[in-house]
Amino acid sequence: MGKNSYVDIAIITALPEEIFAAISIFDAGEFKIFKSDGCTYLYGSVTTSPSFRPYKAVITIPNYYGGTLASSLATDIANKWNPDVFFLSGIAAGNPRKVKLGDLALANEVFEILFQKFTKGKVEERSRSLDVLPSLVQQCAESAKNDWHALLSEPQPKPGHNPSPALHVGPVISTNSVFGSDQQRDALLKDFPDALAIEMEAAGVIQGVEFAKGRPARCLVVKGISDYGGDHKADNPWRKYAAQSAAAFIKSFLLQDPFPRHALLKGYPRGVWLASEAEKYNWLGDIEFNQGSHKSAESNYTLAWENINKEKNELRRRDLSARISLNLGHIKRLRGSVTEAHHFCKISMILSTRLNENALADTYYSMGLIAREYGEMKLAMRYLERASQHYKNLGNHIGQTSAERWQGYTWYSLGDYEEAYKLIIASHNTLIQHAPSYNRIPEGAESFDILGRVLRQLAIKYRNRSDDYMRLRKKPGFGTLPQSIELCQKQALDNYREGEKIALKIGDKFRLAESYLSFLIFFYEFPDLDFYSNEGIHPWKALKQYYERGEKLASDNEYYLLSCIFEKYIGNAYFQKQQYKTAFEHYAKRYWYSKKVRPIEQDNALEEMTTKLIELTDTATRQRCIAYFMECLAQSGIQKPERAISLCNDLIYAIG
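Reading guide: rules and limits
- Residues numbered from 1 in each chain as written.
- Predicted model: local features only at pLDDT ≥ 70, side-chain atom pairs only at ≥ 80, totals over all residues.
- Heavy atoms only, no water.
- Axes fitted to C-alpha atoms, helices over the stretch in contact; angles between N-to-C directions.
- Helix = DSSP H or I, 4+ residues; strand = E, 2+ residues; numbered from the N terminus.
- Parallel < 35°, antiparallel > 145°, perpendicular 65-115°, else oblique.
- Left-handed = near helix turned anticlockwise from the far one by under 90°.
- Contact = heavy atoms within 4.5 Å.
- Nonpolar A, V, L, I, M, F, W, Y, C, P; charged D, E, K, R; others polar.
- Phe/Tyr/Trp six-rings, centres within 6.5 Å; stacked < 30°, edge-to-face > 60°.
- Buried < 20%, exposed > 50% of the residue type's maximum accessible area, 1.4 Å probe, protein only.
- Polar contact = N/O pair within 3.5 Å; in protein donor to acceptor, adjacent residues only side chain to side chain.
- Core = buried A, V, L, I, M, F, W, Y, C linked by side-chain atoms within 4.5 Å.
- Expected span 1.5 Å × (residues − 1).
- Disulfide = S-S within 2.5 Å.

Draft legend 1. Summary view of the packing of helix 18 (residues 509-525) against helix 20 (residues 539-556). Packing of helix 18 against helix 20 brings their axes to within 8 Å, and their N-to-C directions diverge by 155°. With respect to their mutual orientation, helix 18 and helix 20 come out roughly antiparallel. Crossing geometry of helix 18 relative to helix 20 is assigned as left-handed. Of the residues in helix 20, those touching helix 18 at Lys509, Leu512, Ala513, Tyr516, Phe519, Leu520, Phe523 and Tyr524 are Pro539, Ala542, Leu543, Tyr546, Tyr547, Arg549, Gly550 and Leu553. Split by residue class, the contact of helix 18 with helix 20 holds 13 nonpolar, one polar and two charged.

Structure below.
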């Protein structure tokens, strides 16, 4: 290998839970973090036995997901760090005829799908086969065997489902497409019946290494089976276990000392620098945030802020301070602490004006979203327009379309769904046209979800005014509207499904919860549509399922603002069915969640509950509902809900 090898092995991951699994298994919390332009690496040692010195290793993750970005990252690692062996560690969708959930797939061949088109249950594709060194695969399979189970700390999500997870050696399919149904998966597996799993990065990593090295890649692809793709991805509790299993298998292999050590004992490659503690925690916060783990992200951002003064380079400290304060502002807004969010974004704005246009654009964008939370819609528009212009100057299409999408959503919040549609559909089309990775980034999930919401609202507004809807379609900017209100409803659902699919793929729990909320509201607003029976949809059953999934995600991850909205709509759904006790139990839960965010949410919760009480004409029923509400509040631990008591007493007095 020679003197230019700075590490012996490189471990590439693609998703937040994958890199955190690697950090956990390899005790990488104490690894040093190095940065270069556009890349961040965890650098440290993997101890195997007292007889040998540790392996030098880097662990990293691309900024986004998919084969192209993984290929660029692999080339960068090969050129800078020059490891002897690469590992791709993570999760994959399994072939249900070959593997079980929790099993491992070790690739001995990778089928790269170059082109795909799904039509009527058939798949057209161009593909090619990429070889993985047979001797390396055989050595790995024989050395590691079943020893990886002892290294796991993550329990199986369904004990007894797969009591003895197995290692399977065979082909793996690598594609940039995310499967939305069993039908699509099965159509592809029909052409590759021996494939163990389907994933998205292996082909890119192998080709990236070969491009840099100029010879066949010494690369091992190890994937834990987390789901079966398609229809099964929605109920997917296996991701963490599968990700940790892959990392544990790699470590169990390395514990056998399978390779000689070539890395230099000291020194780092050119073009990288040691990150400060503040940069380390900010990077970890970014990964947590992209996974939707807002509480953990906030903890890391706070640690980054507390360590900012240890950054010795003044310019870097100022730039880092701007980024950390912006991140804290963003996370505080999402968790409902709008005043704190405004405080940190102001700090970022002051610092950013003296730094670079990108930081300023990000700050204007966050300030626009915060102004929306305050109800300052005109101010929000001004901030978002500035952000959009700065992003446009930078050629940042993802940032530009995000700012324009939220301008449209501001019109949505004002009730002007027509103006909202024009801006949202334009930003959505621009994103798809200029960001090839749109189906692998959080902004892609958000774009589909928000487009679905505005289509839903247009369908609600015009559901009894089909002539007005057809006239609207003839106006400039509305030619892309679906041809009928029914198609508008169908397209709203299709957009939710696409947003859900992306959120599932990238592991973004927050956007997945938002997607489930959109489904819930849709089935609440449209409880009986003609096409439901054709698609096998049972609206009431679907509504309850999306509530259960979404509310669990929201409560588990402390998305309290989302929890409020889930409780509101499920309560309203039960109210419509005259199941008043259940309805007011949910209204009480909403009030309980509202106390964890901003005061205005408590007011909204009480006012909307009051509206429901007024709708009840029977005095005895009304008083029973108030009793349900107060009983639930007491059970939830709110000892003296003075505002709620006062409101209920005044209401009883006013309307008897």
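Draft legend 2. Structural context of the packing of helix 10 (residues 338-352) against helix 11 (residues 357-373). At their nearest, the axes of helix 10 and helix 11 sit 9 Å apart, and the two run at 155° to each other. Considered as vectors, helix 10 and helix 11 are oriented roughly antiparallel to each other. Crossing angle aside, the handedness with which helix 10 passes helix 11 is left-handed. Facing helix 10, whose interface residues are Val338, Ala341, His342, Cys345, Lys346, Ser348, Met349 and Ser352, helix 11 presents Ala359, Leu360, Thr363, Tyr364, Ser366, Met367, Ile370 and Glu373. Taken together, the residues that form the contact of helix 10 with helix 11 break down as nine nonpolar, five polar and two charged.

Draft legend 3. Spotlight on the packing of aromatic side chains. One pass over the structure, following the stated rule, counts 36 aromatic pairs. Considering the side-chain rings of Phe584 and Tyr587, the 5.1 Å spacing of their centres and the 90° angle between planes classify their relative orientation as edge-to-face. Here Tyr587 and Phe584 lie together in helix 22 (residues 580-594), a separation of three residues that amounts to about one turn. With respect to class, Phe584 is no different from Tyr587; both count as buried. Here the aromatic residues Tyr496, Tyr516, Phe519, Phe522, Phe523, Phe526, Phe531, Tyr532 and Tyr546 are joined through ring pairs into a cluster of three or more.

Draft legend 4. Main features of the side chain of Arg261. Topologically, Arg261 is positioned in the loop between helix 6 (239-254) and strand 11 (273-274). Within the structure, the side chain of Arg261 is placed 3.4 Å from the side chain of Tyr55, a separation counted as a polar contact. Engagement of the side chain of Arg261 in a polar contact is seen with the side chain of Asp257, the distance being 2.7 Å. Among residues more than four places away in sequence, those in contact with Arg261 are Asp8, Thr48, Phe52, Arg53, Pro54 and Tyr55.

Draft legend 5. Molecular detail of the nonpolar core. Counting residues in each nonpolar core, the largest one holds 108 residues, and the members touching the most others are Tyr421, Phe522, Phe523 and Phe584. Broken down by element, the residue count for this core peaks at eleven residues, all from helix 18. Phe522 has contacts with Arg456, Gln489, Ala492, Leu493, Tyr496, Leu529 and Tyr532, leaving out every residue within four places of it along the chain. The next biggest cluster of nonpolar side chains, apart from the first, holds 80 residues, and it includes Cys39, Ala70, Ile77 and Val222.

Draft legend 6. Representation of helix 23 (residues 599-615) in the model. Here helix 23 is 17 residues long and its end C-alpha atoms lie 25 Å apart, about the 24 Å a rise of 1.5 Å per residue gives. By the burial criterion, the buried members of helix 23 are Glu601, Gln602, Ala605, Leu606, Met609, Thr610, Lys612 and Leu613.

Draft legend 7. Region of interest: the state of the cysteines. The tally for this structure, following the rule as stated, stands at zero disulfides. Here Cys219 is not disulfide-linked; the sulfur of Cys140 is the nearest cysteine sulfur, at 11 Å. Given the relative accessible area of 1%, Cys219 is considered buried.

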